[in-house]
Amino acid sequence: MRAIWKGAVSFGLVSIGVKLYSATEEKDIRFHQVHREDGGRIRYKRTCSVCGEEVTYDDIAKGYDIGGGEMVILTDEDFADLPLTSSRAIDVLEFVPAEQVDPILYNKAYFLEPEGAATKPYVLLRDALIDSERVAIVKVALRQREQLATLRVREGVLLLNTMLWPDEIRTPDFGFLDEDLKVRPPELAMASSLIDSMTGEFEPDVFTDDYRAALQEVIDAKVEGREVVQPEEVEEAPAAAVDLMAALKASVERAKAARGEQPARGGGGGGGEPTPISSARSAQKAAEKKAAKASAKKTTAKKTAEKKAAEPAKKTAAKKTTAKKAEPAKKTTARKAAPRKSA
């Protein structure tokens, strides 16, 4: 690691020389913007919107927009007399219990290493923090900005956590906060049971960035000139809607099964009380059965309507057939009657 800052921790009348190192690093895969046709890097120039000329860093100043198209320009002299704490000091203000610091305030983390002969006072402050079970609230100037921070111990090293200022934390303003929503005690008890069944010890090493690993595989395949085959994702069939209580009970049973605990009695076929999972499955089967019955009922009704519509046509056809059969009989009778008339 490379030190990015050198200074001293001011602990009462004790000064502890330290070096500052970034305690974290982002593992994101970074890309350059390039021309699609030839792969050339895309470069951006700093140009003035008024004269159109390219501007060097030496000619760039800080401007504050006051609205209406007006800009106030600040120079280095304007920043020189600002009440900024020494850029090389970490001033300890007070010591507080760690649980009193809301984690939302934490920003970036840095390791502190003792410099030169400061090892003994460094270790003294470290052990005192461990013994008191407190963290130190400090002020430090980093990158031309005064920041609030904490000092605590991690793996035998002092860790500086810069913090956001309280007025930088937004207040949540959502509509559901004003709604009068009531949670039933049985639902709350079941949710608590689910939390208990999923409780464990946090081990960050067991979690991995699957997206980054897959993206790296794509990049490696491109470099090696081989084809990347993505495994097919198995989509689970959407389950029928069940009530919240049944879903919570089923979740508890699933969590227990994943931890190797024995399922509740009566989980299989036969007698006994149904388990939460079987209850949820029964609810799902009942919903499917109800949908099947409704579909069958619609089909039967459709067939009945078609049958009724076909009956008048059948009767008409039968009547015409009877009339047609009766006509030859009339003609035969007429022929037989004719000779009698001539006699």
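These lines cover the structure that appears in this document, whether it is placed above or below. (Residues numbered from 1 in each chain as written. Predicted model: local features only at pLDDT ≥ 70, side-chain atom pairs only at ≥ 80, totals over all residues. Heavy atoms only, no water.)

The element strand E7 (residues 134-142) is largely enclosed, with a buried count of 7 among its 9 residues. Bridge count for strand E5 (residues 89-97) against E7 is 7 bridges, and the pairing is antiparallel. Paired with Phe-95 across the bridge in E7 is Ala-136. Bridging between E7 and strand E8 (residues 145-154) involves 7 bridges; their strand directions are antiparallel. Counted as the bridge partner of Ala-136 is Leu-151 from E8. Between the antiparallel neighbours E7 and E8 lie 2 residues, among them Arg-143 with a positive phi of about 55°. (Buried < 20%, exposed > 50% of the residue type's maximum accessible area, 1.4 Å probe, protein only. Helix = DSSP H or I, 4+ residues; strand = E, 2+ residues; numbered from the N terminus. Pairing = 2+ DSSP bridges.)

A word on the packing of aromatic side chains. Under the counting rule described, the total for this entry stands at 3 aromatic pairs. For the pair Phe-11 and Phe-95, a centre-to-centre distance of 5.9 Å together with 80° between the ring planes defines the contact as edge-to-face. With Phe-11 in strand E1 (residues 5-11) and Phe-95 in strand E5, this residue pair connects regions lying 84 residues apart in the sequence. According to the relative accessible area criterion, Phe-11 is partly exposed, its value standing at 24%. (Phe/Tyr/Trp six-rings, centres within 6.5 Å; stacked < 30°, edge-to-face > 60°.)

Let us look at helix H4 (residues 210-224). When the terminal C-alpha atoms of H4 are compared, their 21 Å separation across 15 residues agrees well with the 21 Å that a helix rising 1.5 Å per residue should span. Looking at where H4 begins, the residue whose side-chain oxygen comes 3.3 Å from the main-chain nitrogen of Tyr-211 is Asp-209. Gly-225, located one to two residues past H4, shows a positive phi value of around 75°. (Expected span 1.5 Å × (residues − 1). Polar contact = N/O pair within 3.5 Å; in protein donor to acceptor, adjacent residues only side chain to side chain.)

All right, on to the packing of helix H3 (residues 185-197) against helix H5 (residues 244-258) then. Packing of H3 against H5 leaves a shortest axis separation of 9 Å and a crossing angle of 20°. Between H3 and H5, the crossing angle belongs to the class labelled roughly parallel. As H3 packs across H5, the resulting crossing turns out to be left-handed. Every residue of H5 that contacts H3 at Pro-186, Glu-187, Met-190, Ala-191, Ser-193, Leu-194 and Ser-197 is listed here: Leu-244, Met-245, Leu-248, Lys-249, Ser-251, Val-252, Ala-255 and Lys-256. Within the contact of H3 with H5, the residues separate by chemical class into 9 nonpolar, 3 polar and 3 charged. (Axes fitted to C-alpha atoms, helices over the stretch in contact; angles between N-to-C directions. Parallel < 35°, antiparallel > 145°, perpendicular 65-115°, else oblique. Left-handed = near helix turned anticlockwise from the far one by under 90°. Contact = heavy atoms within 4.5 Å. Nonpolar A, V, L, I, M, F, W, Y, C, P; charged D, E, K, R; others polar.)

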